[in-house]
Amino acid sequence: MKNKIIAGNWKMNKNRVEAEQLITELIPLVADSKNTVIICVPYTDLCKAVKLTKGTNIHVGAQNCHWKESGAYTGEIAPSMLTEIGVEYVVIGHSERRTYFGETDATVLLRTKAALAAGLKPIVCIGETLEERNSGNMENVLRRQVVEGFKDITEAELNNVIVAYEPVWAIGTGVTATDEQANDAIKFVRSVFAEKYGKKAASALYIQYGGSMNDANAKGLLAMSDIDGGLIGGASLVATKFSAIVNSHK
Ligand code: PGA
């Protein structure tokens, strides 16, 4: 049995003081969990988060990174800039990056590859929009995101990747996929990985569900056969809510 990987995606929330309060409150609440706990915080909170979580079971992630090591890329952060301060994970290709900032499967691949080369563990996000689901295109879209977004990723590299299936229609909307919808989509995604990497690698791959996961629905979602964890936005901003999700799976 795999443990679960529960990651909080703070998005553009929490200044330094608020981050310190949230992390300090969270540490004892998740201390007994056997699940892997990650918080993906804004760049300006990373140093503080790494320092505060040292010696605890909470890991720290960033929310993006560039594919170059350095250079004239205003506003971007290199993977090695993250690893040198003790960051272990990085979210890549979140739907908000794809929708608002021009992220494509091709740039997702570049960022993932660079993150892996630097020793970061990428949490790569995929997911369909409501229109794509309703028009019967969900599987095509998910297949394209996996095939294109993982084109150059080797089986050895896949070991260090986490995939987050996040239907866009469920993110920040309060509408959660049902346990079955989430599990079925993740099963399909896993089958696409199996076509390329084989069954063994695909079943070892961690695939999270994300999209309005909260303390009320987490238990059901995390009990499903193919859901290996959660990527949580809104509910990760409140220590008691996030810890309840973490602790909903023993
Ligand atoms: P949400 O966000 O939990 O607020 O829906 C999830 C995500 O965007 O990762």
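Residues numbered from 1 in each chain as written. Predicted model: local features only at pLDDT ≥ 70, side-chain atom pairs only at ≥ 80, totals over all residues. Heavy atoms only, no water.

Engineer: Explanation requested: the nonpolar core in the structure shown.
Structural biologist: One recurring pattern in soluble globular proteins is that nonpolar side chains are buried together. Formed by 65 residues in total, the largest nonpolar core has its most connected members in Ile39, Phe150, Phe193 and Tyr209. Ile38, Tyr89, Ile123 and Cys125 belong to the second-largest nonpolar core, a separate cluster that totals 12 residues. (Core = buried A, V, L, I, M, F, W, Y, C linked by side-chain atoms within 4.5 Å. Buried < 20%, exposed > 50% of the residue type's maximum accessible area, 1.4 Å probe, protein only.)

Engineer: Teacher, can you tell me more about the site of the ligand here?
Structural biologist: Near the ligand lie 13 residues; those nearest to it are Lys11, His94, Glu166, Gly172 and Ser212. Backbone polar atom of Ser212 to an oxygen atom of the ligand: 2.7 Å apart, as the coordinates give it. Interatomic distance of 2.8 Å between a backbone N/O atom of Gly234 and an oxygen atom of the ligand. Taken together, the residues that form the shell around the ligand break down as 4 nonpolar, 7 polar and 2 charged. (Near = heavy atom within 4 Å. Polar contact = N/O pair within 3.5 Å; in protein donor to acceptor, adjacent residues only side chain to side chain. Nonpolar A, V, L, I, M, F, W, Y, C, P; charged D, E, K, R; others polar.)

Engineer: Just to check I follow, could you spell out the sheet that holds strand β7 (residues 206-210) for this structure?
Structural biologist: Pairing is parallel around the closed barrel formed by 8 strands, whose spatial order is β1-β2-β3-β4-β5-β6-β7-β8. Neighbouring strand axes in the sheet, compared pairwise and without regard to direction, differ in orientation by 25° on average. Two strands pair when backbone bridges link them, and strand β3 (residues 58-62) and strand β4 (residues 89-92) are joined in this way by 2 bridges, in the parallel orientation. By the bridge assignment for β4, Ala62 is matched with Val90. (Pairing = 2+ DSSP bridges. Helix = DSSP H or I, 4+ residues; strand = E, 2+ residues; numbered from the N terminus. Axes fitted to C-alpha atoms, helices over the stretch in contact; angles between N-to-C directions.)

Engineer: What should I look at first to understand the pairing of β3 in this one?
Structural biologist: Two faces belong to every sheet, and in a regular strand the side chains alternate between them. Of all 5 residues in β3, 4 are buried; the element is thus mostly enclosed. Bridge analysis of strand β2 (residues 36-40) against β3 gives 4 bridges, and the strand direction is parallel. When the bridges of β3 are listed, Ile38 appears paired with His59. Taken together, β2, helix α2 (residues 46-53) and β3 constitute a β-α-β crossover, and its handedness is right-handed. (Right-handed = clockwise from strand over helix to strand, strands pointing away.)

Engineer: Is there a simple way to think about the packing of aromatic side chains in this case?
Structural biologist: To describe a pair of aromatic rings, you give the distance between the ring centres and the angle between the ring planes. Under the defined criterion, the tally for this structure stands at 4 aromatic pairs. Residues Tyr100 and Phe101 carry aromatic rings whose centres are separated by 6.3 Å and whose planes lie at 85° to one another, so their mutual orientation is edge-to-face. Like Phe101, Tyr100 is exposed. Three or more aromatic residues joined by ring pairs make a cluster, and in this case those are Phe150, Phe193 and Tyr197. The ring of Tyr206 is capped by Lys2, whose NZ or CZ atom sits 5.0 Å from the centre of that ring. (Phe/Tyr/Trp six-rings, centres within 6.5 Å; stacked < 30°, edge-to-face > 60°. Lys NZ or Arg CZ within 6 Å of the ring centre and 35° of its normal.)

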